[in-house]
Amino acid sequence: MQQQNHGQYIDNPADIELSKPSKSRFLFLLSFFGYFIFALAGCYNLYEHKFQKNDNVQVPDNTLYEPKYK
């Protein structure tokens, strides 16, 4: 014997599945801020791992622009 449950569905105005403009606005903002946070995190990571100049590098004389040979 099957039981049939026929419930009443109440429209919820906060449910984004019922309103296409609300759903598309939500997905647009979610993707926009997701992309913004991803780009901001990438810029911050590049800033934190930037090239540190070191003036105390020993360069062999034979590899200079005008090499000096023995």
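See the structure printed just above.
Owing to the predicted nature of the structure, the values given are computational and were not obtained by experimental measurement. (Residues numbered from 1 in each chain as written. Predicted model: local features only at pLDDT ≥ 70, side-chain atom pairs only at ≥ 80, totals over all residues. Heavy atoms only, no water.)

Draft legend 1. Looking closely at the overall build of the chain. Within the chain, the regular secondary structure consists of 1 helix and 0 strands. Looking at the 70 residues of the chain, the share that counts as buried comes to 0%. Roughly 7900 Å² of accessible area belongs to the chain as shown, and the carbon and sulfur atoms make up 59% of that amount. Charge centroids of the chain, computed over 7 positive and 7 negative side chains, lie 5 Å from each other. (Helix = DSSP H or I, 4+ residues; strand = E, 2+ residues; numbered from the N terminus. Buried < 20%, exposed > 50% of the residue type's maximum accessible area, 1.4 Å probe, protein only. Areas by Shrake-Rupley, 256 points an atom, 1.4 Å probe, with all protein chains shown as cover. Lys, Arg positive; Asp, Glu negative; His and termini not counted. Charge placed at Lys NZ, Arg CZ, Asp CG, Glu CD.)

Draft legend 2. Just a nonpolar patch on the surface, in detail. A surface patch of nonpolar side chains, amounting to about 740 Å² of accessible area, comprises Phe28, Leu29, Phe32, Phe33, Phe36, Ile37 and Leu40. Tracing the sequence through the fold places Leu29 in helix H1 (residues 20-48). With relative accessibility at 39%, the residue Leu29 sits in the partly exposed group. (Patch = residues over 30% accessible without salt bridge, like charges linked within 9 Å, V, L, I, M, F, W, Y side chains within 5 Å. Salt bridge = Lys/Arg side-chain N within 4 Å of Asp/Glu carboxyl O.)

Draft legend 3. Representation of the environment of Asn54. Tracing the sequence through the fold places Asn54 in the segment after H1. Sequence-wise, Asn54 and Leu29 are 25 residues apart; in three dimensions their C-alpha atoms are separated by 44 Å. Polar side-chain contacts of Asn54 include one of 3.1 Å to the backbone nitrogen of Asn56. (Polar contact = N/O pair within 3.5 Å; in protein donor to acceptor, adjacent residues only side chain to side chain.)

Draft legend 4. Up close: the packing of aromatic side chains. Going through the model one piece at a time under the given rule, you end up with 2 aromatic pairs. Seen from their ring centres, Phe32 and Phe33 are 5.4 Å apart, and the 75 degrees between their planes marks the pair as edge-to-face. With a relative accessible area of 46%, Phe33 lands in the partly exposed category. Through pairs of rings, three or more aromatic residues link up here, namely Phe28, Phe32 and Phe33. (Phe/Tyr/Trp six-rings, centres within 6.5 Å; stacked < 30°, edge-to-face > 60°.)

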